[in-house]
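Residue-level structural notes
Now for the letters of each chain:
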Amino acid sequence: MRDHRSRKIRSKAAALAACALAVTLIAAGATPAHAAADDTERPTAPGPITVVAVDTTWVELTWAASTDNVGVVRYPVGARFEDFGAQYSTDTNSIRITDLRPSRTYTFSVWALDAAGNSSASNPTLRLTMPPGDDQPPSAPGQPVAYDVAATVVRLRWAHSVENVALDRYEVFRVDAGGTLTRVREVYQYPPVNSAQISGLAPNTTYTFVVQARDEVGHLSPLSAPVTVTTLPPPPSCAVRSVVRQWSDGFVAHLVVENTGTTAIDGWTMTWRFWASQQVHGIWGATIVDRLNNSYLRVRNTGRNAVIPPGGTVSLGLVASGTQLPEEVTLNGGLCTVADE
């Protein structure tokens, strides 16, 4: 009994001590734990941003501090260039931002947050053009190569330009009669990829293309050497008859492709749906080119069956794993009708 009374006395003493400590903290001006949650007042907007120091790739900024009824805990800082942006954070009224790009114009903004998450209005933004750090144009891109040609689409690739700071984009031009340049494509990805698809072309037409590089300051490279390519004739009309023998995880397909148009097909490429998980174990009457987006198999004619006269046919077949049978069949970009036998 005595031990039980002793424990109760000690428990009450501890509770009284905790209460006394809480009263002491409040009397001393400490903020209760629930105060931040009860705070609904927004901080004032920070003062205008000023530049303390700047170089080609970094800037140091400062601003007049915000005021708040409880206290500001941090300042989010935004930096935006065109459609690209980044956000930083500091618990003081200044910040040094690095990894910027020479000659770019950035828009900076700052706002304040208190412990309860209340956000101030943003201060007036600051537009700042970084000092130039690039006085050299890029080298000329490599001569383009047409690696995929269809009736209305050409895909080009080229060797990258050499640039001392950073490339901004590649521009592809069509060379018209008399040497006039017409821009047909800009490649904006960062860093720019060295390939482009040119669409909207006329079938069975010869085109010449050149490529030019532009760096972030706006310096232009010399033009690449030209490439001349002739698009394919309009997609043929075609029909496919298929005979398939299928088992649980594979099949043998025999395809008979008919030219239902009025013009002979001289050289052909065929695609059909073919999942990434499927494997070709054997093929005849055609040669595999590649797999498009891991969703289609692309094959081309052999040396013996390149020509399909009007009303004529070619035969090909394959042994493959999986259960996805040939469908969505195209011949030189034209969609064929498919019938099972």
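Read on for an overview of the structure. (Residues numbered from 1 in each chain as written. Predicted model: local features only at pLDDT ≥ 70, side-chain atom pairs only at ≥ 80, totals over all residues. Heavy atoms only, no water.)

1. Details of the overall build of the protein
To keep it simple, the criterion reads: We count a stretch as a helix when DSSP gives it H or I for four or more residues in a row; a strand needs E for two or more, and each element gets its number in order from the N terminus. Exposure classes here rest on a 1.4 Å probe applied to the protein chains alone. A residue is buried below 20% of its type maximum, exposed above 50%, and partly exposed in between. The contact rule is simple, with two residues in contact once any of their heavy atoms fall within 4.5 Å. Here the accessible surface of atoms and residues is derived via Shrake-Rupley with a 1.4 Å probe, and residues count as covered only by protein chains that are part of the display.
Check the secondary structure of the protein and you find 2 helices and 27 strands. Looking at the protein as a whole, 36% of its 341 residues are labelled buried. Counted over contacts in the protein with a minimum sequence separation of 6, partners at least 24 positions apart contribute 64%. As displayed, the protein has an accessible area near 18700 Å², and 53% of this comes from carbon and sulfur atoms.

2. Observations concerning the state of the cysteines
Just so we agree on the cut-off: The disulfide criterion is simple: two cysteine sulfur atoms within 2.5 Å.
Counted by the stated rule, this structure contains 1 disulfide. Note that C238 is cross-linked by a disulfide to C336, the S-S spacing being 1.8 Å. Looking along the S-S bond of the C238-C336 disulfide, the torsion reads about -95°, which is the left-handed sense. With C238 in strand 16 (residues 238–247) and C336 in the loop between strand 26 (334–335) and strand 27 (337–340), the pair connects residues that are 98 residues apart, well separated along the chain.

3. A word on the side chain of E163
Our working rule: Positive: Lys, Arg. Negative: Asp, Glu. His and the chain ends are not part of the count. Salt bridges are counted wherever a side-chain nitrogen of Lys or Arg sits within 4 Å of a carboxyl oxygen of Asp or Glu.
Considering the arrangement of structural elements, one finds E163 in the loop between strand 10 (154–157) and strand 11 (167–175). Put simply, E163 is tucked away with no salt bridge, and the nearest opposite charge, on R101, sits 8.6 Å away. Setting aside residues up to four positions removed in sequence, E163 forms contacts with D134, Q136, P137, P138 and D215.

4. Quick notes on unusual backbone geometry
Look at N293: it is not a glycine, yet its phi comes out positive at around 55°. For N293, the position within the fold is in the loop between strand 21 (287–292) and strand 22 (296–300). On the accessibility criterion, N293 (72% relative accessible area) is exposed.

5. Digging into the sheet that holds strand 1 (residues 50–54)
Our working rule: Strand pairing follows a simple DSSP-based rule, namely that at least 2 bridges must link the two strands. Axis angles are defined between N-to-C directions and span 0 to 180 degrees, where every axis is a line fitted to C-alpha atoms and, for a helix, only to the segment in contact.
Taken in spatial order, the 3 strands line up as 1-2-5 in an open sheet, and their pairing is antiparallel. Looking along the sheet, the strands with just one partner apiece sit at the ends: strand 1 and strand 5 (94–97). Each adjacent strand pair in this sheet contributes to an overall mean axis angle of 20°, direction not counted.

6. Let's talk about the sheet that holds strand 26
Spatial ordering of the open sheet is given by 21-22-19-25-26, a layout of 5 strands whose pairing is antiparallel. The two strands at the open ends of the sheet, each matched to only one other strand, are strand 21 and strand 26.

7. Notes on the environment of N301
In plain terms, the rule: Nitrogen and oxygen atoms within 3.5 Å of one another constitute a polar contact, given that in protein one can donate a hydrogen and the other can accept it, and given that sequence-neighbouring residues count only through two side-chain atoms.
Counting through the fold element by element, N301 comes out in the loop between strand 22 and strand 23 (307–308). Along the primary structure N301 and T287 are separated by 14 residues, whereas in three dimensions their C-alpha atoms are 6.4 Å apart. For N301, the residues in contact, after removing those within four places along its chain, are G267, W268, T287 and A306. At 2.9 Å, the side chain of N301 forms a polar contact with the backbone nitrogen of W268.

8. Things to note about the packing of aromatic side chains
How we decide: Here is the rule: rings of Phe, Tyr and Trp (six-membered ring for Trp) pair when centre to centre is within 6.5 Å. Planes less than 30 degrees apart are stacked, more than 60 are edge-to-face, and the remainder are tilted. For a lysine, the NZ atom is tested; for an arginine, the CZ atom; a charge sits over a ring if that atom is within 6 Å of the ring centre and within 35 degrees of the ring normal.
Using the criterion set out here, one finds 5 aromatic pairs in the structure. Judged by centre distance (5.7 Å) and plane angle (70°), the rings of W63 and Y75 are edge-to-face. Here W63 is found in the loop between strand 2 (59–62) and strand 3 (72–81), whereas its partner Y75 is found in strand 3, with 12 residues between them in sequence. One aromatic cluster in this structure is built from F81, Y106 and F108. Just above the ring of W58 sits the side chain of R96; from NZ or CZ to the centre is 3.7 Å. One Lys or Arg, R157, reaches over the ring of Y147 and ends 4.3 Å from the middle of that ring.

9. Some points on the nonpolar core
Rules: The criterion is simple. A nonpolar core is a set of buried Ala, Val, Leu, Ile, Met, Phe, Trp, Tyr and Cys residues joined through side-chain atoms within 4.5 Å.
Residues W268, M270, W272, V299, L316, L318 and L331 are the most contacted members of the largest nonpolar core, which totals 22 residues. When contributions to this core are tallied by element, the ones reaching two or more residues are strand 16, strand 17 (250–259), strand 19 (269–273), strand 22 and strand 24 (313–321). The contacts of V299, once residues within four sequence positions are left out, are W268, T269, M270, W272, I283, A286, T287, I288, V289 and L316. Core analysis: the second largest hydrophobic core is formed by 18 residues, F81, I97, L100 and V110 among them.

10. Topic: the pairing of strand 17
Buried residues dominate strand 17, accounting for 7 of its 10 residues. Here 10 bridges tie strand 16 to strand 17, and the two strands are oriented antiparallel to one another. The residue of strand 17 that forms the bridge with W247 is G250. Connecting strand 16 to the antiparallel partner strand 17 that follows it, the hairpin turn spans 2 residues.

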